[in-house]
Amino acid sequence: IRTVLIWSLVKWRPRIKFEWPIAKVILAYGKDIAMSSALAIFFLNIDNAFISRLLGTSQLGYYTLAFLFATLPVLFAQRVVDTVSFPAYTQVREQKQTLINAYLKSLRIIATFVLPTNLGLLAIAPVLVPVLYGDKWQPSIILIQILSLYGLIRAMSNAPTNVLLAIGRQYLFPRFALLYLSLAVLALGPAIYWYGTIGAAVAMTLVIWVMGLTWFLLTDHYLAIPFNKIIQTIAPQVLAALFMLGSVRFSAIY
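Residues numbered from 1 in each chain as written. Predicted model: local features only at pLDDT ≥ 70, side-chain atom pairs only at ≥ 80, totals over all residues. Heavy atoms only, no water.

Asks: Which residues make up the layout of surface pockets, and what values go with them?
Replies: A volume near 660 Å³ is recorded for the largest pocket. Lining the largest pocket are 21 residues, with Ala-40, Gln-78, Asn-158, Thr-161 and Phe-173 positioned closest to its centre. Looking at the lining of the largest pocket, the elements that each hand over two or more residues are helix 2 (20-55), helix 3 (57-91), helix 5 (140-156), helix 6 (158-166) and helix 7 (172-223). For the lining of the largest pocket, the residue count by class is 12 nonpolar, seven polar and two charged. (1 Å grid on protein atoms, 1.4 Å probe; cavity = no way out; pocket = protein on both sides within 12 Å on 5 of 7 lines; lining within 4 Å. Points joined across faces, edges and corners; volume = space filled by probe spheres on them. Helix = DSSP H or I, 4+ residues; strand = E, 2+ residues; numbered from the N terminus. Nonpolar A, V, L, I, M, F, W, Y, C, P; charged D, E, K, R; others polar.)

Asks: So what's going on with the packing of helix 3 against helix 4 (residues 96-133)? Which residues, and what values?
Replies: Contact pair helix 3 / helix 4: the axes reach a minimum separation of 9 Å and the direction vectors enclose 165°. The angle between helix 3 and helix 4 places the two elements in the roughly antiparallel class. Handedness of the helix 3/helix 4 crossing: right-handed. Of the residues belonging to the contact of helix 3 with helix 4, the class tally is 18 nonpolar, three polar and no charged. (Axes fitted to C-alpha atoms, helices over the stretch in contact; angles between N-to-C directions. Parallel < 35°, antiparallel > 145°, perpendicular 65-115°, else oblique. Left-handed = near helix turned anticlockwise from the far one by under 90°.)

Asks: Hey, could you go over helix 5 for me, with residue numbers and the actual values?
Replies: Given a rise of 1.5 Å per residue, 17 residues ought to cover 24 Å, and the 24 Å separating the end C-alpha atoms of helix 5 matches this to within 8%. Along helix 5, the largest kink reaches about 25° and is centred on Ile-146. Most of helix 5 sits out of view: 15 of its 17 residues are buried. (Expected span 1.5 Å × (residues − 1). Bend = angle between axes of the 7 residues up to and from the residue. Buried < 20%, exposed > 50% of the residue type's maximum accessible area, 1.4 Å probe, protein only.)

Asks: Explain the nonpolar core residue by residue, including any values.
Replies: Core analysis: the largest hydrophobic core is formed by 72 residues, its most contacted members being Phe-43, Tyr-63, Tyr-103, Leu-107, Leu-147, Met-156 and Leu-188. Sorting the residues of this core by element identifies helix 2, helix 3, helix 4, helix 5, helix 6, helix 7 and helix 8 (227-253) as the ones contributing at least two each. Looking at this core, the element that brings in the most residues is helix 7, giving 21 residues. (Core = buried A, V, L, I, M, F, W, Y, C linked by side-chain atoms within 4.5 Å.)

See below:
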């Protein structure tokens, strides 16, 4: 129905016509994104492969449930932010101050949603899991609490990712994706061997925090923004979320 309505309103129709100059530009831009996306598939599943191989499917089940909870806010934020911010960035990429203002605004919006969501998940996981799934899923609680920090930085990284795409720095993406994957492979084996699924969660969280902060610093370099400007931009959201976390934990204890 949606397609029929669109075609009834839009009079343009696609034609089978190949234009090499246009295709060359699209392929030159898209090959790096396609390569990084392929590497990202491995990065986002490498922890599951290690856990399944070393610990078995039962432990993988606990980990998968925790990962799902921790990354739901990421998927929501990514869908909304990517739809709106990337086209906006491309329109103002030649206007540096306007681009910087748009970038900082998107950071504030993401932080306003993601910080309380993920830190709130960290706080209420001990209650949430038994209520929704029963006591047999208790091992997932600590994993949710760790991976909530993973999901936090992954969601926050959407803003610099779209800025770098808009200003034509897509060639950086496969290099960073390969570095992500390499660090994950090096960290996961020993972490899982010694600490099981908790080790896997900590390893993935540390890797994405190191790479996420590097991603922010790289974006700040290209936009000539001091990193303390980023801190100032999201400071109110950080303080509010930490206050909420402390209040929830305090009420749980007393």
